[in-house]
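Chain by chain, the residues run as shown.
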Amino acid sequence: MIRRVPVIDSHTGGEPTRVVLSGGPDLGGGSTADQLAVLRAQHDDFRRAVVNEPRGSDVLVGALLVPPSDPACVTGVIYFDNVTFLGMCGHGTIGLVVTLAHLGRIAPGVHSIETPVGVVKVTLHADCSVSLENIPAHRKAKAVKISVPGHGQVTGDVAWGGNWFFFVEEHDLALELANVEALTAFAWAIRQAVNAQGFPEVDHIVLLGPPHTPGANGRSFVQCPGKAYDRSPCGTGTSARLACLAADGRLAEGSELVQESIVGSSFRGSFRWVDRERGIIVPTITGTAHVTAEATLLLDERDPFCWGIR
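Enquirer: If you had to explain the overall build of the protein to someone new, which residues and values would you point to?
Expert: Scanning the protein from terminus to terminus reveals five helices and 17 strands. What you see for the protein is a C-alpha radius of gyration of 19 Å, in line with the 19 Å of a compact globule of 310 residues. Taken along its principal axes, the extent of the C-alpha atoms in the protein is 55 × 45 × 35 Å. Here the protein holds 310 residues, and 55% of them are scored as buried. Counting contacts in the protein only where the partners sit at least 6 residues apart, residues at least 24 apart contribute 61% of the total. Counting every atom, the protein has about 12800 Å² of accessible surface; 50% of that belongs to carbon and sulfur. One way to put it: in the protein the 25 positive side-chain charges average out to a point 2 Å from where the 32 negative ones average out.

As structure tokens, this is what we get:
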């Protein structure tokens, strides 16, 4: 009566990833996008069981390994969090690569991974850091003015880096861990206003500020779809940020951006142009991850919270 689901936990710059090695539902094959569609429509209880309380937490991101449709890929993967499924996850991909290396499934070198939004290339370096060549990123709208109840007018950019982001540079909040509650409330109010005022696809809010660490270019507070904040600088968010900087001519092709998170961890990012006229880039994000646990989740349907606390 007990279903066993082996997992490996890691963190990337402080942000946790739980890789599900096996024990997931039968998704019928096809592309990773096809398998995500089945998982979303028929097996959302499995998502909740893996990442929600009492086994998980609001900040945990799950990564379900699935067979890739592209034979050149070492695996397919479907990412999800406490409220939804994600098209792509940068910190999760870095954590996945380190996990695959920990299992002995890959060696240092270049590998391909199939995600629901496309194939990404990753490089596992000899020092176990990982470089992710993400899917193409672009900015959709610049200097969008949003009326946020209780805060007045807020201006930001809407951009895609594997997920949809709204970037706010001008605000009066300090990007400090001690200020997380105020940052969360402000970002959540922005999210609701942005969704209501023309950009329902935006599910991540990024507040930008000056760096705290020498050598970094900036610090960010990233609010995820489920209202938790990203402990890492956010891989897809850094990708979208690179697209904005490239479009404004504030960062040259091949130059490096060092993006710092709210907890002080950092990613290094750079880009190459794909289509200057349309503002499309291919970003590369480099970071490190560390395996923290090997475990087996036990799903017992006699447990009233077997499928997570909703």
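There's plenty left to go through after this.
Enquirer: Any chance you could break down the nonpolar core for me, citing the residues and the numbers?
Expert: Membership of the largest hydrophobic core comes to 61 residues, with the highest contact counts inside it found for Tyr-79, Phe-166, Ile-190 and Leu-207. Take this core: its biggest share by element is eight residues, from helix H4 (residues 180–196). Setting aside residues no more than four positions away along its own chain, Ile-190 makes contact with Val-148, Val-154, Phe-166, Val-168, Ile-205 and Leu-207. Core analysis: the next-biggest nonpolar cluster, separate from the first, contains 19 residues, Leu-27, Val-50, Ile-78 and Leu-297 among them.

Enquirer: Outline the pairing of strand E15 (residues 266–275), listing residues and values.
Expert: By the bridge criterion, four bridges tie strand E14 (residues 257–260) to E15 in an arrangement that is antiparallel. For Leu-257, the partnering residue across the bridge sits in E15 and is Gly-269. Here E15 folds back onto strand E16 (residues 280–287), and the loop between the two strands holds four residues, one of which, Gly-279, carries a positive phi near 70 degrees.

Enquirer: Account for the environment of Ile-285, naming residues and giving values.
Expert: Among the secondary structure elements, Ile-285 is positioned in strand E16. Residue Ile-285 is classed as buried on the basis of its relative accessible area, which comes to 0%. Taking C-alpha positions, Ile-285 is 24 Å from Ala-187, a pair spaced 98 residues apart along the chain. If sequence neighbours within four positions are ignored, Ile-285 has contacts with Val-130, Ser-131, Leu-132, Gly-235, Thr-238, Ser-239, Leu-242, Phe-267, Arg-268 and Gly-269.

Enquirer: Describe unusual backbone geometry, and please don't skip the residues or the numbers.
Expert: Of note, the amide linkage connecting Glu-53 to Pro-54 takes the cis form, showing an omega dihedral of 10 degrees. Structurally, the position occupied by Pro-54 is in the loop between helix H2 (44–51) and strand E3 (61–66). One non-glycine residue, Ala-143, adopts positive backbone phi at about 50 degrees. Along the chain, Ala-143 falls in strand E9 (residues 138–148). In the Ramachandran plot, Cys-234 falls in the positive-phi region, its phi being about 75 degrees despite a non-glycine side chain. Checked against the element boundaries, Cys-234 lands in the loop between strand E13 (218–223) and helix H5 (235–247). When its relative accessible area of 5% is taken as the criterion, Cys-234 is described as buried.

Enquirer: Please provide a residue-by-residue account of the state of the cysteines, values included.
Expert: Following the criterion strictly, the structure yields zero disulfides and no others. Here Cys-73 stays free of any disulfide, with the sulfur of Cys-89 as its closest cysteine sulfur at 17 Å. For the unlinked cysteine Cys-234, the closest cysteine sulfur is that of Cys-224, found at 6.2 Å.

Enquirer: Describe in detail the environment of Asp-127, supporting the description with residues and values.
Expert: Within the element layout of this structure, Asp-127 appears in the loop between strand E7 (118–124) and strand E8 (130–133). Taking C-alpha positions, Asp-127 is 9.2 Å from Thr-288, a pair spaced 161 residues apart along the chain. In this structure the side chain of Asp-127 is engaged in a polar contact, spanning 2.7 Å, whose partner is the side chain of Ser-129.

Enquirer: Summarise the environment of Thr-284; cite the residues concerned and give the values.
Expert: With respect to the element layout, Thr-284 can be found in strand E16. By relative accessible area, which is 24% here, Thr-284 ends up partly exposed. A C-alpha to C-alpha distance of 31 Å links Thr-284 and Ala-182, two positions 102 residues apart in sequence. If near-sequence neighbours (up to four positions away) are discounted, Thr-284 is found in contact with Ser-131, Leu-132, Glu-133, Arg-268, Gly-269 and Ser-270.

Criteria and cut-off values
- Residues numbered from 1 in each chain as written.
- Predicted model: local features only at pLDDT ≥ 70, side-chain atom pairs only at ≥ 80, totals over all residues.
- Heavy atoms only, no water.
- Helix = DSSP H or I, 4+ residues; strand = E, 2+ residues; numbered from the N terminus.
- Rg over C-alpha atoms; globule rule 2.2 N^0.38 Å.
- Buried < 20%, exposed > 50% of the residue type's maximum accessible area, 1.4 Å probe, protein only.
- Contact = heavy atoms within 4.5 Å.
- Areas by Shrake-Rupley, 256 points an atom, 1.4 Å probe, with all protein chains shown as cover.
- Lys, Arg positive; Asp, Glu negative; His and termini not counted.
- Charge placed at Lys NZ, Arg CZ, Asp CG, Glu CD.
- Core = buried A, V, L, I, M, F, W, Y, C linked by side-chain atoms within 4.5 Å.
- Pairing = 2+ DSSP bridges.
- Disulfide = S-S within 2.5 Å.
- Polar contact = N/O pair within 3.5 Å; in protein donor to acceptor, adjacent residues only side chain to side chain.

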